[in-house]
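Below are the chains, spelled out letter by letter.
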Amino acid sequence: MSVYGAAVAHAYQFLFDARMTPNLNPYDPQFREVCDLYNTSLEGALRILRTQGKLQPGATVNYQYGKQNVALRIEPQGRWPAEDFDRIELVSNFHIEGLNNQYHNFGLGVPLIAVRRQHDAEDPAEAYYAPNMTFPVTAFLRVAHGGTGAASTESCVLELHDPRTSDTIHVANRSIPLETDLSTPLAYFLDSPGFRDTEVATWGVLLPDSTKQVQGIYMLEPYDPRKIPVLMVHGLWSSPTTWTQMFNDLQGLPEIRRNYQFWTYLYPTGQPFWFSAVQLRDELETLHRRLDPGYDNPFMNQMVLVGHSMGGLVSRLQTIDSKDDYWRIISDKPFEDLNATPEVHAKLAKALFFSPNPSVRRVVTIGTPHRGSEFANDYTRWIGRKLITLPKMIMATTNSVVRDNPGFFKDTDLITTTTSVDSLAPDSPVLPVMLRSSKAPWVRFHNIVGVVPEKTFLGKISEKGDGVVAFASAHLEDVESEIIVPSDHVKIHQHPKSILEVRRILLAHLRDVRMQIARLEQRQPVPLLPSGVAVPVPTQPPAEAQPAAYLKHLPPVVDVDGNVEVGPPPVQNPETRDASASTVEYGDTSLSP
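Peer 1: Summarise the environment of H308; cite the residues concerned and give the values.
Peer 2: Mapped onto the elements of the fold, H308 is located in strand β14 (residues 303–308). On the basis of relative accessibility, which here comes to 6%, the residue H308 falls in the buried class. With 73 residues separating them in the primary sequence, H308 and G235 have C-alpha atoms 5.3 Å apart.

Peer 1: Can you tell me about the packing of helix α1 (residues 2–16) against helix α2 (residues 29–51), naming the residues and giving the values?
Peer 2: When two helices pack together, their arrangement is given by the angle between their axes and by how far apart the axes lie. Taken N-terminus to C-terminus, the directions of α1 and α2 make an angle of 145°; their axes are 8 Å apart at the nearest point. Remark: the crossing between α1 and α2 carries left-handed chirality. Of α2, the residues touching α1 (which contributes Y4, A7, V8, A11, Y12, F14 and L15) are Q30, F31, V34, C35, L37, Y38, S41, L42, G44, A45 and I48. Here the residues of the contact of α1 with α2 sort into 15 nonpolar, three polar and no charged.

Peer 1: I'd like to hear about the packing of aromatic side chains, residue by residue, with values.
Peer 2: Overall, the coordinates contain 17 aromatic pairs when judged by the stated rule. Geometrically, the ring pair formed by Y12 and F140 is tilted, given 6.3 Å between the ring centres and 55° between the ring planes. You can see Y12 sitting in helix α1 and its partner F140 sitting in strand β6 (residues 134–145), a full 128 residues away along the chain. By relative accessible area, F140 is classed as buried at 0%. Between W327 and F408, the ring centres sit 6.0 Å apart and the planes meet at 55°, which makes this aromatic pair tilted. Highlighted residues: W327 in helix α10 (residues 327–330) and F408 in the loop between α13 (392–404) and α14 (413–416), separated in sequence by 81 residues. F408 shares its class with W327; the two are buried.

Peer 1: An account of empty space enclosed by the protein is requested, with residue identities and associated values reported.
Peer 2: Evaluation of the coordinates by the stated rule reveals six cavities of 30 Å³ or more. Volume-wise, the largest cavity comes out at about 70 Å³. Looking at the largest cavity, the residues that line it are M1, G5, V8, L42, A45, L46, L49, Y63, L72, L141 and L158. For the lining of the largest cavity, the secondary structure elements donating two or more residues are α1 and α2. No other element matches the four residues that α2 contributes to the lining of the largest cavity. Its residues assigned to classes, the lining of the largest cavity comprises ten nonpolar, one polar and no charged.

The rules behind each value
- Residues numbered from 1 in each chain as written.
- Predicted model: local features only at pLDDT ≥ 70, side-chain atom pairs only at ≥ 80, totals over all residues.
- Heavy atoms only, no water.
- Helix = DSSP H or I, 4+ residues; strand = E, 2+ residues; numbered from the N terminus.
- Buried < 20%, exposed > 50% of the residue type's maximum accessible area, 1.4 Å probe, protein only.
- Axes fitted to C-alpha atoms, helices over the stretch in contact; angles between N-to-C directions.
- Left-handed = near helix turned anticlockwise from the far one by under 90°.
- Contact = heavy atoms within 4.5 Å.
- Nonpolar A, V, L, I, M, F, W, Y, C, P; charged D, E, K, R; others polar.
- Phe/Tyr/Trp six-rings, centres within 6.5 Å; stacked < 30°, edge-to-face > 60°.
- 1 Å grid on protein atoms, 1.4 Å probe; cavity = no way out; pocket = protein on both sides within 12 Å on 5 of 7 lines; lining within 4 Å.
- Points joined across faces, edges and corners; volume = space filled by probe spheres on them.

Shown next as structure tokens:
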């Protein structure tokens, strides 16, 4: 430990001593060697501290090299307090497989994986954390001499920085880039037993009731009330881990990770998608009530939903005003005349009559069967009914309603459809009603359609589309943008061009919000805070819960260097379209780390 400590201290003095600064040249091989010496020695010291059980945030470690006494304080920087750290792992101990890109930036410091300690349920956000949630950390040792002579004490601070907040620090009046790794902590989290317990795609299809204990919204990072939520909703026979590629690439862009936080929704995909939409509606309402009981956090009210396949239908149903459109599918009689217990009456009302979620501002659908899928044919539907078992309570309730109201219904499919496969059939009565339903005027819609190249085997044997959803079903006219991606259904949301499109949409969302702020306030934006967030959460709620009332509190767009972007509206991407244009395909753009 003393040897590593001495090497780090001497390297630090060479890099940051005021007498050396005028002569430093970052292109000098000696300078680069000293940077490597600093990082390598610091990592060696951290390994020893971890082995000894002393790598504990908030603690002070005393040691000695030669006759020099050293007091090493371990201090978290930023918003994560010491009690949030359960344990720390070194990034260099792990090798990533399965991610297309690894976001590792070079600089000074040692990238670490911080495993979050679970707290008591008094924190409302705790309910949305999977066990062993991780977040990236970079350790940087700052050296300050406390005196001279044999009895002097050298004071050192081991700073633990969150690179999602800032990837640079200031030392000796200079801006220093931190060595950071965002991908390895994510992979560690998703591969941990605590998160893999939510990998229940198969049971979620075959036995929807068996996934009830793990169903719900999961946060992929500790909740930050100063960031806009992006909720990702998986599709049939899938789970939240399907979003790993997209989340990894999106968080790799500083503008996005500084302004957005990512959540996923895990639900049993064996049940009809409109059941799942009702449950998500309740989940979002409960979450909002827990985390923002005063409904005065403007960041919560700029939510973006991203849905793949059936998840796109679940997402779109959060933005629709049902009126009596869905009740009219099953009956022409007044709903109040339905013969049912008050409890059943209330459950049916919740499923059939609903309003758009006022917190949702954009919806991105990817490979979504807006008009159903021929994959849900007679054979697959028969197999689905044989294999998929809905909760007995749901079946008993719907059967009793039909039995107790003879001649009351003209079409009972909406309440008696037993599987998600049935609900996705082209002849489903719900899908055409969804297409013509009134949508929230404050929500912008985007669509990504998969078309398998004709030269591939799948392209030769299937109609135009992604092999599961035909282009005619996935295509939409009433959207702000739509692109075609050369991918099959299973991988379309992981395709680089889909990820680029979602990234473009999120950046456009930030720019639009910022332009609205500028128009309302007619003044220059406030400067960024050190945390990278430009505007703090308001302490007083707005006068009314309307979109315009929140705009003056919303965050601006920040670029890679942390500067605020202000200016005229951005030029429209020529590879996207408005609602009146024809669908166009992306060129050969590729996603780079």
